[in-house]
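# An overview of the molecular structure
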Amino acid sequence: MSEHFDVHGGARLVGEVDVVGAKNSVLKLMAAALLAEGTTTITNCPQILDVPLMGDVLRSVGCDVVIDGDTAKITTPAELSHRADSAAMGKLRASVCVLGPLVGRLKQAVVALPGGDAIGSRPLDMHQNGLRKLGATSTIEHGCVVAKADGLRGAQIWLDFPSVGATENILMAAVLAEGTTVIDNAAREPEIVDICTMLTDMGAKIEGAGTSTLTVEGVEKLNPTEHRVIGDRIVGATWAFAAAMTRGDLTVRGVNPHHLDLVLDKLRLAGAEVETFDGKGFRIVQPERPKAVDWVTLPYPGFATDLQPFAVALSAVADGTSMITENIYEARFRFIEEMMRLSGDARTDGHHAVVRGVERLSSAPVWASDIRAGAGLVLAGLCADGVTEVWDVFHIDRGYPHFVENLNRLGARIERVAGEPERA
């Protein structure tokens, strides 16, 4: 049975909300547990659908996984299977991050091609090329990435683009390779720093976390550890946009505001009053209708592509005209088609969108195409006349724990409703 959210317009969000562990980090940390025999404990896990799905992926290669609330205990046996081709692989993109650990530890892997959000092409070329530089062969066969090596040796690796996934997979293979690996043009996201911190606690030797050059000195073995996931900066930013769009007053705790410096600066330009609590959170107060500002998605520390739907949604109710430029995933602008159902005034041309703000949107049935698009449509519904139906909310459940409950507690009125849509 399908579900949708009935989102009643006219809400002003006020109060405090806690942010839990980062979705874009926890799944990779769970995969890193494959590198060490024994029990690794990961705390501050978000209670979202993707965490048990990753648990299923790890079970498929022989791990015992126990998820209890916000804690995941992963017991990795001495003998692992190199085949990760369970049904769960097709349900989340991050499942491909088991490739690096399996090749690093077992010197072979057969990993089913991943699924996940419909936001555009995300090829695995850089993942495979990095493994080849380390001495592995890597091909695509029968819907799987197949990699094998007699042994892995450190190498100089240049990434054509600072891909988070490629950086993580190469890093997790390199920590057990012989010799020194240097990854140039590496991703710099806080989630990369998080996995480097965990790997270092496990015994890896890594320098340069948070910079564009990672230097890895391979070691013979790693040990299990206990690690707390960093706060989810994308969820934190979602609440920041929610405050700005609804002319609200929200205090967001559990996330490092320095991970959101650019977002918070942009919201200041939009007219928000922003107060930060060093390393712990921030407060956003939007006293009047937000002003239009321009947005450009870029790799970190630039504006995250995951936040582009929120930039579009904010621009749709802002005073003035905004230009949004998408440089990462070409299909992100599918979100604009749904915004136009809500009477948003937007036009796209290649990887640019021009959005002219209106005072109030108009309710309509809309469909989420990915996690962030779904959350963006909910926020837009809060700024629309009437009741907006947001369908395919399973996407939202993959990234936002207790989203409806939190919104209702902050002053929104949203119900989860079971039933089939009228649209085919």
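The shown structure was predicted, so the numbers you read here are calculated from the model rather than taken from an experiment.

### Digging into the sheet that holds strand β25 (residues 387-391)
Reading across the sheet, the four strands line up as β23-β25-β1-β26 and stay open at both edges, with mixed pairing between neighbours. Edge positions in the open sheet fall to β23 (365-367) and β26 (414-418), since each of these has one partner strand only. Neighbour to neighbour, the strand axes of the sheet diverge by 25° on average, direction disregarded. Here five bridges tie strand β1 (residues 3-8) to β25, and the two strands are oriented antiparallel to one another. Its bridge partner being in β25, Asp-6 is matched across the sheet by Glu-389. The strands touched by helix α11 (residues 371-382) within the sheet are β1, β23, β25 and β26, with β1 carrying the most contacts at an inclination of about 30°.

### Side note on the packing of helix α1 (residues 23-32) against helix α5 (residues 164-174)
One way to put it is that α1 packs onto α5 with a least axis distance of 11 Å and a crossing angle of 20°. As judged from the angle between their axes, α1 and α5 are roughly parallel. α1 and α5 meet at a crossing whose hand is right-handed. Contact residues: Asn-24, Lys-28 and Ala-32 in α1; Val-164, Glu-168 and Met-172 in α5. Its residues assigned to classes, the contact of α1 with α5 shows three nonpolar, one polar and two charged.

### Some thoughts on the pattern of salt bridges
Summed over all chains, the structure comprises 18 salt bridges. Among the ionic pairs, Glu-16 bridges to Arg-253, the shortest N-O distance being 3.5 Å. Of the two residues, Glu-16 sits in strand β2 (residues 14-18) while Arg-253 sits in strand β15 (residues 249-253), which places them 237 residues apart along the sequence. What makes Arg-253 partly exposed here is its relative accessible area of 33%. The structure contains a network of salt bridges with shared partners spanning Glu-3, Asp-397 and Arg-416.

What counts and how
- Residues numbered from 1 in each chain as written.
- Predicted model: local features only at pLDDT ≥ 70, side-chain atom pairs only at ≥ 80, totals over all residues.
- Heavy atoms only, no water.
- Pairing = 2+ DSSP bridges.
- Helix = DSSP H or I, 4+ residues; strand = E, 2+ residues; numbered from the N terminus.
- Axes fitted to C-alpha atoms, helices over the stretch in contact; angles between N-to-C directions.
- Contact = heavy atoms within 4.5 Å.
- Parallel < 35°, antiparallel > 145°, perpendicular 65-115°, else oblique.
- Left-handed = near helix turned anticlockwise from the far one by under 90°.
- Nonpolar A, V, L, I, M, F, W, Y, C, P; charged D, E, K, R; others polar.
- Salt bridge = Lys/Arg side-chain N within 4 Å of Asp/Glu carboxyl O.
- Buried < 20%, exposed > 50% of the residue type's maximum accessible area, 1.4 Å probe, protein only.

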